[in-house]
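Structural description and commentary
Residues per chain are reported as follows:
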Amino acid sequence: MAKQLLLIDGNSIVFRAFFAMHNQIDKFTNKDGLHTAAIYGFKLMLDHVLDQFHPDAALVAFDAGKVTFRTKMYDDYKGGRNKTPDELTEQFPYVRELVEACGLHSYELKNYEADDIIGTLAKEGDEAGYETLIVTGDRDLTQLASDHTTVAVTHKGVTDTEHYTPAHVEEKLGITPRQIIDMKALMGDSSDNYPGVTKIGEKTAIKLVKQFGSVENLYDHIDELKKSKMKEHLVEDEAIARECKTLATILQDAPLEIGLDDITYRGEQTEELVAFYQQMGFKSFLAKMDLAPEEKADKSAPVEYTELTADNLAAVDQLEGELNFYLEMPDANYHTSPFAGFVIGDGKTWLVSRDAELLKQDPLKKLLESPAVAKNVFNAKAQIVGLHRLGIDLRNVDFDLLLASYLLNTNDNSNDLGQVALEHDYHEVATDEEVYGKGAKRAIPADDQVFYTHLAQKARAIDDLRAPLFKKLDDNQQTPLYTDIEVPLTRVLAAMEITGIKVNAQTLKDMGSKLTERLADIESQIYAAAGEEFNINSTKQLGHILFEKLKLPVIKKTKTGYSTAVDVLEKLADQAPIVEDILQYRQIAKLQSTYITGLLKVIHSSDQKIHTRYLQTLTQTGRLSSVDPNLQNIPVRLPEGRLIRKAFVPSHAGWQIFSSDYSQVELRVLAHITGDKNLQEDFKNGEDIHASTARRIFHLPADAEIDRNMRRRAKAVNFGIVYGISDYGLAQRIHVSRAQAHEFIQNYFKEFPGVKKYIDDTIAFAREHGYVETITHRRRYLPDIHAKSFSRRSFAERTAMNTPIQGSAADIIKIAMIRMKEEIKQRQLQARMLLQIHDELVFEAPAEEIPVLQKLVPQVMDSAVQLNVPLKVESKVGDTWYDLK
DNA sequence: TCTCGGGTG
DNA sequence: AAGTGCACCCGAGAT
């Protein structure tokens, strides 16, 4: 049998793979954030080809760069193409790695395209008696088809190919493969951007080639054509046609430094390939290699379950050891969601039901509440709140799949169990979307078999992932973070959410009426100034009025039109009185929609309270976030907005609101982490940190008065440093020249050299390890730290330095919250923790307990962790959240 | 469903 | 050659 030669057009296949999978681009990223869709697609193609074709020699050819002999001939060759997306460019080096790991060779040659390498080797193969298969996404290569060379062109996707033999070309086009060159010379190629002869397309080109055989012969016999527009074009464009023929011709004698002897196919290099799959996060490929067949068969075995009813509850008593439990609440808001069913099981037996009421009965209730029986769950906080609604107090949560997964990698968190399982290479559970559908069609399946299987699979996934995830946490030194902080915090948060905060709806409604009146006034003023009525809330219509009708200067543009953001409007305020009105309108409209009607919508009628949900597994830094509604952004800065806080009141008469906040916690963490002696000294001396910073960076004497403006600027510099600000940004922020801003920053680094060193070291750490850490080993991966794109890389560098600061501050208050809850319980106080706003804790308590809190809360908060600078806590108290003093 | 604008720390 | 301070949530309009 003849030897076989495989030649692959690397660039075109990678392009095809990338765009074929483009709609799933975000699904295909590895843990470092590298996009992998094209790499994945390339491997699919390779497997598909190697399934049927067993080469003795194999090569993947790549383009060496933009410049080739063709571009030298014809400037615009391949001109006008869109820039290759960064998400694709970054994948090329890895495709080469893959190629090598698969035992194929790769090659590129300066000044030549991949096509020419393939053409040359195909010819060599022909002469040496090989059967050759060329795989490409580019139909141009079909010109290389011959008796012993087949060209497979990808069709749809990357594995669906069309095989071009001379017979197939003949059948499709009616010409020989070599005549494709003549055809292209006449018709041109829009993707390679060469023109061909005016007005000649594929049909006419084929007709002419059939008639004359070649471009050269056509021009030798051009006189035989009768007079026509086409003939005129042919005559006029003769030079172009001849040049295009050269451009279209794939070389078969490129000066390659390699030959067939150098590209022997080595077969799969197992070890390299496994390492590569691991790096890329290609779990399905890995699974195919690693798992023994019987093991796979076992894993995919359907799950067996028993339906629980009031009559067979005793089955629960047969369960042994740790229990896996999952209460299904189809709505995201577990404070109000209906209950769809539950599953409980020990890893061998799975008991399911649609009737959550069963949980109220023993032995189920007893087991769930037993501190002696460990429970494994997904999203413990949701389970605690849901069960609390059924009168059950879930105790002893050991494993929370969602929480553990979040700590391992904040990037791939999802609220969907199936999705999270997938991230950990576990395929035996479907996602909710797959089983329940999405959008309007989402529903719990009526079919018991379908629903119960899904429930049982979820519980089994929790059970199966417990050990491996605990192992990973341990490897990352994150077990204490998980066990001592996040899991206990879950209970604290659940209690805060369940408690809720009382909101006086009437207060909000009264404010709303006043705002409505004021809005109407401002609205009419705006319409008068504009000379017409329009929707002020529409940035598009507003932009039209300001920048077209009133011809105000355009300061900034957005992707979709004129920017009308505050900083823009402020610059325009002195040019037209309407601008001030618009700013006023915006402010009030925001209060009205988000804070008056928005909050009124979420007051529970049963208790006049708002029950937010804290998301514990969302932010990239370890902070909490708050939704439905967000109680972490209730207005405070502007006096009008601040009034909203009057509606937040204690839940009992004779009680008060009490609040303590860390002062400058992030800067203190900065002083601690950087070890900067000057910064630490300033804090230890108990100085006004912004004033002392002003003294240092503006080179003022120690006893100098710091005026408000200097302090303001120094404060902006302090915050800017933490966020990784540029001189440009700082200049914008504090209204100084860029040169001045630059000087401030330079001075800062001179005065606080430890901070400068920390920034450099942290970025270096991120580059080396791919992640950064907080003081509790909370981790954030920063794949973009290696990005080619300047802005993406810069962003990653700023987050590298900011995340340990912001994240450590988050760690500190989390610890304080856990300890505070314990103290309240131990001292049998009636006080309750209500809100956490990043550096602030809000409580309600009977008036007589306030003196206790005044001492206790700051004490707990400032001793939560021991930093090498003191933590400072300030407290306030009042009858409403507004009145805190 | 996306974009803009704006509220918080 | 381009962009320019971190972390969030949500309402309204446009599509």
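Looking at an unreviewed UniProt entry, one finds chain A named DNA polymerase I and attributed to Limosilactobacillus antri DSM 16041. Quoted verbatim from the Catalytic activity (unreviewed entry) field of the UniProt record, the comment on chain A reads "DNA(n) + a 2'-deoxyribonucleoside 5'-triphosphate = DNA(n+1) + diphosphate". Taken directly from UniProt, the Subunit (unreviewed entry) text for chain A runs: "Single-chain monomer with multiple functions."

1. What about the overall build of chain A?
A count of helices and strands for chain A gives 36 helices and 24 strands. Based on the C-alpha atoms only, the size of chain A along its principal axes is roughly 110 × 80 × 60 Å. A burial count over chain A gives 52% of its 885 residues as buried. For chain A, long-range pairs separated by at least 24 residues make up 67% of all intrachain contacts whose partners lie at least 6 apart in sequence. In the form shown here, chain A has an accessible surface area of approximately 40,800 Å², with 50% of it arising from carbon and sulfur atoms. Charged side chains of chain A number 106 positive and 132 negative; the gap between the two group centres comes to 6 Å.

2. As for the confidence of the model for chain A
With 96% of its residues at a pLDDT of at least 70, chain A reaches an overall mean of 90. Every residue in residues 291–301 is under pLDDT 50, and counting partners more than four places away or in other chains gives seven contacts.

3. Brief notes about the protein's contact with DNA strand B
Thr-564, Arg-586, Val-636, Arg-637 and Asp-839 are the nearest of the 22 residues found near DNA strand B. When atoms of DNA strand B within 4 Å of the protein are split into backbone and base, the sugar-phosphate part holds 73%. A distance of 3.2 Å separates a phosphate oxygen of DNA strand B from a polar side-chain atom of Thr-558. In the environment of DNA strand B, a phosphate oxygen lies 3.0 Å from a nitrogen or oxygen atom belonging to the backbone of Lys-559. Broken down by element, the surface near DNA strand B gets its largest block of residues, three residues, from helix H26 (residues 577–601). Split into classes, the residues belonging to the surface near DNA strand B amount to seven nonpolar, nine polar and six charged.

4. A word on helix H28 (residues 665–674)
With respect to burial, H28 is a largely interior element, eight of its 10 residues being buried. When H28 is considered as a whole, its buried residues turn out to be Val-665, Glu-666, Leu-667, Arg-668, Val-669, Leu-670, Ala-671 and Thr-674. Phi turns positive, to about 70 degrees, at Gly-675, one or two residues after H28.

5. Digging into the nonpolar core
With 159 residues, the main nonpolar core has Ile-644, Tyr-662 and Tyr-748 as its most contacted residues. Looking at this core element by element, the count peaks at 13 residues for helix H35 (residues 790–826). With residues up to four places along the chain from it excluded, the contact list for Ile-644 reads Leu-508, Met-511, Leu-591, Tyr-595, Ile-596, Leu-599, Ile-634 and Pro-635. Ala-57, Val-169, Ala-248 and Leu-256 belong to the second-largest nonpolar core, a separate cluster that totals 54 residues.

6. Thoughts on the sheet that holds strand E18 (residues 648–649)
If you trace the four strands from one edge of the open sheet to the other, you get E14-E15-E13-E18, paired in antiparallel fashion. Looking at the sheet topology across the chains shown, the edges are occupied by strand E14 (603–604) and E18. Pairing geometry for strand E13 (residues 501–503) and E18, over two bridges, is antiparallel. Bridging from a neighbouring strand, Val-503 pairs with Phe-648 of E18.

7. Points about the protein's contact with DNA strand C
Close to DNA strand C lie 36 residues, the nearest being Ser-538, Tyr-723, Arg-733, Arg-780 and Phe-795. At 2.5 Å, a side-chain N or O of Arg-733 approaches a base oxygen of DNA strand C. Elements with a contribution of two residues or more to the surface near DNA strand C: helix H24 (539–549), H26, strand E17 (625–627), helix H31 (708–723), helix H32 (727–734) and H35. It is H35 that provides the largest number of residues to the surface near DNA strand C, a total of six residues. For the surface near DNA strand C, the per-class residue count stands at 10 nonpolar, 19 polar and seven charged.

8. Regarding the packing of aromatic side chains
Within the structure shown, the criterion is met by 18 aromatic pairs. Taken together, a centroid distance of 5.1 Å and an interplanar angle of 75 degrees make the contact between Phe-648 and Trp-881 edge-to-face. Separated by 233 residues along the polypeptide, Phe-648 in strand E18 and Trp-881 in the segment after strand E24 (873–878) bring together distant segments of the chain. Considered together, Phe-648 and Trp-881 belong to a single accessibility category, that of buried residues. Site record: aromatic cluster; members linked through ring pairs are Tyr-305, Tyr-436, Phe-451 and Tyr-452. Cation over ring: Arg-779 sits above Tyr-771, and NZ or CZ is 3.8 Å from the ring centre.

9. Observations concerning the UniProt feature "domain: DNA-directed DNA polymerase family A palm" (unreviewed entry) in chain A
UniProt marks residues 641–849 with the feature "domain: DNA-directed DNA polymerase family A palm" (unreviewed entry), using the numbering shown here. Split by type, residues 641–849 is 58% helix and 13% strand. Its first and last C-alpha atoms lie 30 Å apart.

10. Let's talk about unusual backbone geometry
Geometrically, the link from Asp-362 to Pro-363 is a cis peptide bond, its omega value of 5 degrees lying close to zero. Topologically, Pro-363 is positioned in the loop between strand E10 (350–353) and helix H16 (364–369). Cis peptide bonds are those with omega within 30 degrees of zero, and the linkage from Asp-628 to Pro-629 qualifies with 0 degrees. As for its position among the elements, Pro-629 is in the loop between E17 and helix H27 (639–642).

What counts, and where the lines are drawn
- Residues numbered from 1 in each chain as written.
- Chains lettered and ligands numbered in written order.
- Predicted model: local features only at pLDDT ≥ 70, side-chain atom pairs only at ≥ 80, totals over all residues.
- Heavy atoms only, no water.
- UniProt positions renumbered as here; feature names shortened; annotations may be inferred.
- Helix = DSSP H or I, 4+ residues; strand = E, 2+ residues; numbered from the N terminus.
- Buried < 20%, exposed > 50% of the residue type's maximum accessible area, 1.4 Å probe, protein only.
- Contact = heavy atoms within 4.5 Å.
- Areas by Shrake-Rupley, 256 points an atom, 1.4 Å probe, with all protein chains shown as cover.
- Lys, Arg positive; Asp, Glu negative; His and termini not counted.
- Charge placed at Lys NZ, Arg CZ, Asp CG, Glu CD.
- pLDDT = per-residue confidence, 0-100.
- Near = heavy atom within 4 Å.
- Polar contact = N/O pair within 3.5 Å; in protein donor to acceptor, adjacent residues only side chain to side chain.
- Nonpolar A, V, L, I, M, F, W, Y, C, P; charged D, E, K, R; others polar.
- Core = buried A, V, L, I, M, F, W, Y, C linked by side-chain atoms within 4.5 Å.
- Pairing = 2+ DSSP bridges.
- Phe/Tyr/Trp six-rings, centres within 6.5 Å; stacked < 30°, edge-to-face > 60°.
- Lys NZ or Arg CZ within 6 Å of the ring centre and 35° of its normal.

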